[in-house]
Amino acid sequence: MNIILDPNEVAEYRKKYTVLELDTIRFLPVNKCVTAYCIVDNLRMTELPQVEQKMITHHNLMSNYKQRNWPDCLEAIDQLSGFWSGQLDSFYEEFRGRIAKYIEQDPGEEWDGTIEKTVTTE
C-alpha cells in the first residue's frame, strides 16, 4: 500500500487504482491541513466482486466519523476489517480505538476529525 499526500495526484491515481481517504492531518503551528489517501493494491481475487461496495462503505465510514456517528462507524469497521487483503486493518483498529475514546469522552465542539501534529519550522 502506498500513501498519497498531494491532493493533485489523487484524481490521476483513481483512474487506475483503488484510492481511499485516510486521515486529515493539521500541521501545527503552521495550521496547514493535508488529507492522506492510500492506494490499495494486491487484492485477493475473491475480494474483487466486492470492491465497489467496500469503497462505498469506507467512504461512509469517513463521513460518519466526521459527523460523530460512532455506531455507524463501528459497524463499517466491522464490515471492512479483513478486507483489502488486510492492508487497512491497522488503520481501522486505530479508528476503533479513537471512537471508543470519543464515546467515553466527547472530543469537544471544536473537534473536526483532523489529527494535529506539531512540526518544527526551522
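Whatever comes next refers back to the structure up there.
Calculation notes
Residues numbered from 1 in each chain as written. Predicted model: local features only at pLDDT ≥ 70, side-chain atom pairs only at ≥ 80, totals over all residues. Heavy atoms only, no water. Helix = DSSP H or I, 4+ residues; strand = E, 2+ residues; numbered from the N terminus. Axes fitted to C-alpha atoms, helices over the stretch in contact; angles between N-to-C directions. Parallel < 35°, antiparallel > 145°, perpendicular 65-115°, else oblique. Left-handed = near helix turned anticlockwise from the far one by under 90°. Contact = heavy atoms within 4.5 Å. Buried < 20%, exposed > 50% of the residue type's maximum accessible area, 1.4 Å probe, protein only. Polar contact = N/O pair within 3.5 Å; in protein donor to acceptor, adjacent residues only side chain to side chain. Phe/Tyr/Trp six-rings, centres within 6.5 Å; stacked < 30°, edge-to-face > 60°. Lys NZ or Arg CZ within 6 Å of the ring centre and 35° of its normal.

(A) Region of interest: unusual backbone geometry. That bond from L28 to P29 is cis: its omega, 5°, falls within 30 degrees of zero. With respect to the secondary-structure elements, P29 resides in the loop between β2 (18–28) and β3 (32–40). In this model, S85 sits at a positive phi of 55°, which is unusual for a non-glycine residue. Position of S85 among the secondary structure elements: in the loop between α3 (70–80) and α4 (89–104).

(B) Looking closely at the packing of helix α2 (residues 51–66) against α4. In contact at an axis separation of 12 Å, α2 and α4 are set at 25° when each is read in the N-to-C sense. Here α2 is positioned roughly parallel relative to α4, judged by the angle of their axes. Taken as a pair, α2 and α4 cross one another with a handedness that is left-handed. Contacts from H58, L61, M62 and Y65 in α2 reach F91, Y92, F95, R98, I99 and Y102 in α4.

(C) Seen up close, the side chain of T114. When you line up the elements, T114 lands in the loop between α4 and β4 (115–118). Judged by relative accessible area, T114 falls into the buried class, the value being 15%. Reaching out from T114, the side chain makes a polar contact with the side chain of D112 at a distance of 2.7 Å.

(D) Structural view of the packing of aromatic side chains. Within this structure, the stated rule accounts for 10 aromatic pairs. Seen from their ring centres, W70 and W111 are 5.6 Å apart, and the 65° between their planes marks the pair as edge-to-face. With a gap of 41 residues between them, W70 in helix α3 and W111 in the loop between α4 and β4 connect regions that are remote in the sequence. Taken together through their ring pairs, the aromatic side chains of Y65, W70, F91, Y92, F95, Y102 and W111 make up a single cluster. Just above the ring of F83 sits the side chain of K54; from NZ or CZ to the centre is 5.3 Å.

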